[in-house]
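Topology and contacts: notes
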Amino acid sequence: MGTTTVTISKIFLVTFISLGIYFLNFKNQPEQIEPKSHAFLYKFDFKHHTNRPDLILTDYVVIYKTGDTTFTQFYNQMKRDSIYSHRKMSGQERFNNRVNSYPYSIKTIKNDVVFTSKVSDQYFKYEEQLQFKWNITDSIRKINSYTCQLATTTYAGRSWNAWFTQDIPMDVGPYKFKGLPGCIVEMNDTDNIFKYSLTAFKEKKEVRLTHYPSVTKKPIEITTRKDFNKHQQAFLALSFEQRMAYAGRNRAGIIKSEFKSNDGEVNFKNKSLDLMDDYQFIEIDHIE
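Residues numbered from 1 in each chain as written. Predicted model: local features only at pLDDT ≥ 70, side-chain atom pairs only at ≥ 80, totals over all residues. Heavy atoms only, no water.

**Digging into unusual backbone geometry**
The phi torsion at N144 lies on the positive side, around 55 degrees, for a residue other than glycine. Within the secondary structure layout, N144 lies in the loop between β7 (135-143) and β8 (146-155). You can call N144 exposed: its relative accessible area is 64%. Even without a glycine there, the phi angle at A156 is positive, about 55 degrees. Positionally, A156 belongs in the loop between β8 and β9 (158-165). Exposure remark for A156: the relative accessible area of 8% places this residue in the buried category. (Helix = DSSP H or I, 4+ residues; strand = E, 2+ residues; numbered from the N terminus. Buried < 20%, exposed > 50% of the residue type's maximum accessible area, 1.4 Å probe, protein only.)

Okay, structure coming up:
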């Protein structure tokens, strides 16, 4: 009886000490701090057509960021997707929230990029890994109230100048650009066709880092970056009648060398890519 009592006491003592050590270690663990969320708004000025270099169009891009994850989308496209997720839009709403000819959304987690875009009635998606090679120069200038430093890089056939600031110590920038020790405040290609300008940013309690259901419920074709760029450029080179025929083809897919409408009335071949020079594109390394 006495031996049994001593054994139980030892078991209880060992258990008590073990629990004490566990809770002491748990208490001494560093507190897990939730990353803050921010929203950035960029003004996007671009020369849409090569034959109208004097015509500069303007759109706005929203970037949501939490930790290492960012989600980029055109502001009007985001509004349209949000409304479409709940109800149909009126004609006036569609007009008020009209989008440019090549809207896109980009989700980035560290160096992993998922690009989604809609061409005609079909969504496309591709993935890529990016690690930009930046050349950080000694050039300094003030943009608004920020002290900015110039960095240069190349991507997809174009050279870019980026003015970033460590006044906003976050790795964030327009389109796919990132990897600098501060937020990109202003960015343009060296041909001065595209320009992004940070107009506002603020901390938010939470941000949306995924598509709205109006997008996720639609079939999405998986492709590659270069195949998508060729397809998008080929589609925008079509006439109005050819685009309508493509939209009525009742099948998803990349435009190939030849296309015929279901009724056989429209039959055409794609223009050579070097002739498709009416639209300006951010990425041009697919043009042979």
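Additional details are given in the paragraphs that follow.
**Points about the environment of T66**
Inspection of the secondary structure assignment puts T66 in strand β2 (residues 56-66). A residue is classified by how much of its surface remains accessible, and T66, at 18% relative accessible area, is buried. Residues within four places of T66 in sequence aside, it is in contact with P35, K36, S37, V207 and L209. Polar side-chain contacts of T66 include one of 2.6 Å to the side chain of S37. (Contact = heavy atoms within 4.5 Å. Polar contact = N/O pair within 3.5 Å; in protein donor to acceptor, adjacent residues only side chain to side chain.)

**Regarding the sheet that holds strand β1 (residues 37-47)**
Sheet architecture is open: 12 strands sit in the order β7-β8-β9-β10-β11-β1-β2-β3-β4-β5-β6-β12, paired in mixed fashion. Edge positions in the sheet fall to β7 and β12 (220-222), since each has one partner strand and no second. Neighbour to neighbour, the strand axes of the sheet diverge by 20 degrees on average, direction disregarded. Pairing of strand β5 (residues 112-119) with strand β6 (residues 122-129) involves 8 bridges; the strand directions are antiparallel. Bridge pairing in β6 links K118 to Y123. Strands β5, β6 and β8 of the sheet are contacted by helix α5 (residues 225-236), whose axis makes an angle of about 20 degrees with β5. (Pairing = 2+ DSSP bridges. Axes fitted to C-alpha atoms, helices over the stretch in contact; angles between N-to-C directions.)

**As for the nonpolar core**
In this structure, F40, Y42, W134, Y175, F177, I184 and Y196 are the most contacted members of the largest nonpolar core, which totals 51 residues. Leaving out residues up to four positions away in the same chain, F40 has contacts with V61, V62, I63, K65, I168, M170, V172, C183, L198, A200 and F201. V62, Y64, F71 and V207 belong to the second largest nonpolar core, which has 6 residues in total. (Core = buried A, V, L, I, M, F, W, Y, C linked by side-chain atoms within 4.5 Å.)

**Quick notes on the side chain of E283**
Along the chain, the position of E283 falls in the segment after β14 (267-269). For E283, the side chain forms a polar contact with the side chain of Y175, separated by 2.6 Å. Within the structure, E283 has its side chain in polar contact with the side chain of K176 (distance 2.8 Å). With residues near it in sequence (within four places) discarded, E283 still touches Y126, Y155, A156, Y175, K176, R225 and N229.

**Focus: helix α6 (residues 240-247)**
Turn by turn, an α-helix covers 3.6 residues, leaving residues three or four places apart pointing in a common direction. Listed as buried for α6 are Q242, R243, A245 and Y246. Buried residues of α6, seen end-on, are gathered within an arc of 160 degrees and therefore sit on one face of the element. Turned more than 90 degrees away from the buried face of α6 sit F240 and E241, all of them exposed. (Arc of directions from axis to C-beta.)

**Overview of the packing of aromatic side chains**
Per the counting criterion, the structure on display carries 18 aromatic pairs. Ring plane angle 55 degrees and centroid distance 6.0 Å describe the contact between F124 and F228, whose orientation is recorded as tilted. Taken together, the residues span a long stretch of sequence, with F124 in strand β6 and F228 in helix α5 at a distance of 104 residues. Exposure class is identical for F124 and F228. Each is buried. Arranged with centres 5.1 Å apart and planes meeting at 35 degrees, the rings of F132 and F177 form a pair that is tilted. With F132 in the loop between β6 and β7 and F177 in the loop between β9 and β10 (183-189), this pair connects stretches of sequence that are 45 residues apart. Overall, the relative accessible area of 12% leaves F132 in the buried class. Residue classification places F177 among the buried residues on the basis of a relative accessible area of 2%. Lying over the aromatic face of W163, R141 brings its terminal NZ or CZ to 5.0 Å of the ring centre. (Phe/Tyr/Trp six-rings, centres within 6.5 Å; stacked < 30°, edge-to-face > 60°. Lys NZ or Arg CZ within 6 Å of the ring centre and 35° of its normal.)

**Focus: the pairing of strand β3 (residues 69-74)**
Counting buried residues along β3, 6 of its 6 residues qualify, which places the element largely inside the surrounding structure. Across 6 bridges, the pairing between β2 and β3 is antiparallel. Bridge assignment links I63 to a residue of β3, and that residue is T72. Connecting β2 to the antiparallel partner β3 that follows it, the hairpin turn spans 2 residues, and G67 within it adopts a positive phi of roughly 60 degrees. Across 5 bridges, β3 lies against strand β4 (residues 104-109) in antiparallel orientation.

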